[in-house]
Amino acid sequence: MIIDTTEVQTINSFSTSGFFKEVYGLIWIIPILTLILEITIGVLVIVWLEREISAAIQQRIGPEYAGPLGILQAIADGTKLLLKEDLLPSRGDIRLFSVGPSIAVISVLLSYLVIPFGYRLVLADLGIGVFLWIAISSIAPIGLLMSGYGSNNKYSFSGGLRAAAQSISYEIPLTLCVLSISLRLEIGRNDQVVLPYDSDLDSSTVDIVEAQSKYGFWGWNLWRQPIGFLVFLISSLAECERLPFDLPEAEEELVAGYQTEYSGIKYALFYLASYLNLLVSSLFVTVLYLGGWNFSIPYIPILNFSE
């Protein structure tokens, strides 16, 4: 039997390219898993801090038995919710009721794609990075409306309407703040006040952080746009439905808002989406106004009075 050497080389090249594709696919999973680990740790820390601070304000002990200083209490609560029965409303729309929590979580998780944790520690450095976050976050109200409507409950439906109206209302000042930072970045590059009509605004999160690092601590956008910082902070609190913007989940009026009929893992998804949104909003405040990953706070020497 005669073996053609060219055919053998072709087969070897195909097998080698397939091997490299598999290796590249495995390597690409590593930063995604790292990001998921960082997000999980961040959510655990936020839940623990909120409970400890609330306990201190209300003169309570707070969580202390689950793990060291009670830091694993969130994992214990999540495990408990996973083991609870998943109840479904008998007269509700089951498809909308089931898909709503998933949309709320996925829309928040996709926002982490454009957040830079370091100079090269970002999954997707896009030119429309911040605007992509605003576009993705605008999908979450659809999930809340689906949850409220699918529950077939007047309290849930009113909470879903409130959540959607509040989120859409505060996205407008949020977008204006991001637009002002993008205009500031573009004007600083072109050294002109009026931009040409064919100019594309750069809203890359990495470029925004690097533009602030040129002048150190005093180059932060916090000092250049203090009113924009306050507006962005207030709008972020409203997007996260934190106090005093907790009208969609008003316990005195709507029981639990759009979450009234939920239990088990679906309720846990809403709980997770709330803290994920709080974390991503804090990260974007840091990226846009507080210099990002550059720790440029000036060193202030401590006077030695013993001399």
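Cut-offs used in this document
Residues numbered from 1 in each chain as written. Predicted model: local features only at pLDDT ≥ 70, side-chain atom pairs only at ≥ 80, totals over all residues. Heavy atoms only, no water. UniProt positions renumbered as here; feature names shortened; annotations may be inferred. Core = buried A, V, L, I, M, F, W, Y, C linked by side-chain atoms within 4.5 Å. Buried < 20%, exposed > 50% of the residue type's maximum accessible area, 1.4 Å probe, protein only. Helix = DSSP H or I, 4+ residues; strand = E, 2+ residues; numbered from the N terminus. Contact = heavy atoms within 4.5 Å. pLDDT = per-residue confidence, 0-100. Salt bridge = Lys/Arg side-chain N within 4 Å of Asp/Glu carboxyl O. Phe/Tyr/Trp six-rings, centres within 6.5 Å; stacked < 30°, edge-to-face > 60°. 1 Å grid on protein atoms, 1.4 Å probe; cavity = no way out; pocket = protein on both sides within 12 Å on 5 of 7 lines; lining within 4 Å. Points joined across faces, edges and corners; volume = space filled by probe spheres on them. Nonpolar A, V, L, I, M, F, W, Y, C, P; charged D, E, K, R; others polar. Polar contact = N/O pair within 3.5 Å; in protein donor to acceptor, adjacent residues only side chain to side chain. Axes fitted to C-alpha atoms, helices over the stretch in contact; angles between N-to-C directions. Parallel < 35°, antiparallel > 145°, perpendicular 65-115°, else oblique. Left-handed = near helix turned anticlockwise from the far one by under 90°.

- Per an unreviewed UniProt entry, the protein chain is named NAD(P)H-quinone oxidoreductase subunit 1, and its organism is Rhynchospora pubera.
- Heading Sequence similarities (unreviewed entry) of the UniProt record for the protein chain holds this comment: "Belongs to the complex I subunit 1 family."

### Regarding the nonpolar core
Then, number 1: One finds Y112, W133, F232 and L288 to be the most contacted residues of the largest nonpolar core, which totals 45 residues.
Then, number 2: Among the secondary structure elements, those contributing two or more residues to this core are α1 (5-57), α3 (94-109), α4 (129-137), α6 (154-190), α7 (205-212), α9 (226-239) and α11 (264-289).
Then, number 3: With eleven residues, α11 is the largest single contributor of residues to this core.
Then, number 4: Not counting residues within four places of it along the chain, the set of residues in contact with F232 comprises W133, L174, C177, V178, F284, V285, L288 and Y289.

### Notes on the confidence of the model for the protein chain
Then, number 1: For the protein chain, per-residue confidence averages 77 on the pLDDT scale, and residues scoring 70 or more make up 79% of the total.
Then, number 2: Per-element confidence in the protein chain ranges from a low mean pLDDT of 62 for helix α10 (residues 251-254) to a high of 90 for α9.
Then, number 3: Scored below 50 in pLDDT, residues 193-199 makes eight contacts in the model with residues more than four places away or belonging to other chains.
Then, number 4: Note on residues 300-307: pLDDT is under 50 here. Beyond four places in sequence and across chains, it has zero contacts.

### Quick word on the pattern of salt bridges
Then, number 1: Counted under the stated rule, the structure contains one salt bridge.
Then, number 2: The salt bridge partner of D77 is R51, with a shortest N-O separation of 2.6 Å. Taken together, the residues D77 in helix α2 (residues 73-83) and R51 in helix α1 connect sequence positions 26 residues apart.

### A closer look at the packing of aromatic side chains
By convention here, two paired aromatic rings are described through the distance between centres and the angle between planes.
Then, number 1: A full pass over the atoms with the stated rule returns nine aromatic pairs.
Then, number 2: Between F97 and Y262 the ring centres are 4.0 Å apart and the planes differ by 5 degrees, which places this aromatic pair in the stacked class. With a gap of 165 residues between them, F97 in helix α3 and Y262 in the loop between α10 and α11 connect regions that are remote in the sequence.
Then, number 3: For F97, a relative accessible area of 0% corresponds to the buried category.
Then, number 4: Ring centres of W218 and W223 lie 5.5 Å apart, and the angle between their planes is 45 degrees; on these two criteria the pair is classed as tilted.
Then, number 5: Here W223 falls in the partly exposed class, since its relative accessible area comes to 41%.
Then, number 6: Through a chain of ring-to-ring contacts, the aromatic side chains of W133, F229, F232, F284 and Y289 assemble into a single cluster.

### Observations concerning the layout of surface pockets
If a probe as big as a water molecule is rolled over the atoms, it shows which places are left empty.
Then, number 1: Space inside the second largest pocket adds up to approximately 460 Å³.
Then, number 2: The wall of the second largest pocket is formed by 20 residues, among which V43, A74, G78, A268 and L272 lie closest to the centre.
Then, number 3: Counting only elements with at least two residues in the lining of the second largest pocket, the list comes to α1, α2 and α11.
Then, number 4: It is α11 that contributes the most residues to the lining of the second largest pocket, seven residues altogether.
Then, number 5: Of the residues belonging to the lining of the second largest pocket, the class tally is 16 nonpolar, three polar and one charged.

### Describing the side chain of S107
Then, number 1: Structurally, S107 is set in helix α3.
Then, number 2: What makes S107 buried here is its relative accessible area of 4%.
Then, number 3: Within polar-contact distance, the side chain of S107 engages the backbone oxygen of A104 at 3.1 Å.
Then, number 4: Excluding residues within four positions of it along the chain, S107 makes contact with I136, I139 and A140.

### Thoughts on the UniProt feature "transmembrane region" (unreviewed entry) in the protein chain
Then, number 1: When the UniProt feature table is mapped onto this chain numbering, "transmembrane region" (unreviewed entry) sits at residues 23-49, 94-115, 121-146 and 268-291.
Then, number 2: Within residues 94-115, the helical portion is 73% and the strand portion 0%, while the C-alpha atoms at the span's ends are 35 Å from each other.
Then, number 3: For the annotated span residues 268-291, helix accounts for 92% and strand for 0% of the residues, and the straight-line distance between the end C-alpha atoms is 33 Å.

### Some remarks on the environment of F245
Then, number 1: Relative to the helices and strands, F245 resides in the loop between α9 and α10.
Then, number 2: Classification of F245 by relative accessible area gives buried; the value is 16%.
Then, number 3: Separated by eleven residues in sequence, F245 and I234 have C-alpha atoms that sit 9.3 Å apart.
Then, number 4: Those residues in contact with F245 that sit more than four places away from it in its chain are Q166, Y170, I234, L237 and A238.

### Thoughts on the packing of α3 against α11
Then, number 1: Following both chains from N to C, one finds α3 and α11 inclined at 20 degrees, their axes separated by 9 Å at the closest point. Comparing the axis directions of α3 and α11 gives the class roughly parallel. The element α3 and its partner α11 pack so that their crossing is left-handed. Contact residues: F97, S98, P101, S102, A104, V105, V108 and L109 in α3; K266, L269, F270, A273, L276, N277 and V280 in α11.

### Observations concerning empty space enclosed by the protein
Then, number 1: Under the definition given, this model contains one cavity of 30 Å³ or more.
Then, number 2: Of the pockets and cavities examined, the largest cavity occupies roughly 320 Å³.
Then, number 3: Lining the largest cavity are 22 residues; nearest its centre among them are V108, A140, E239, A273 and N277.
Then, number 4: Elements with a minimum of two residues in the lining of the largest cavity: α3, α4, α5 (140-150), α6 and α11.

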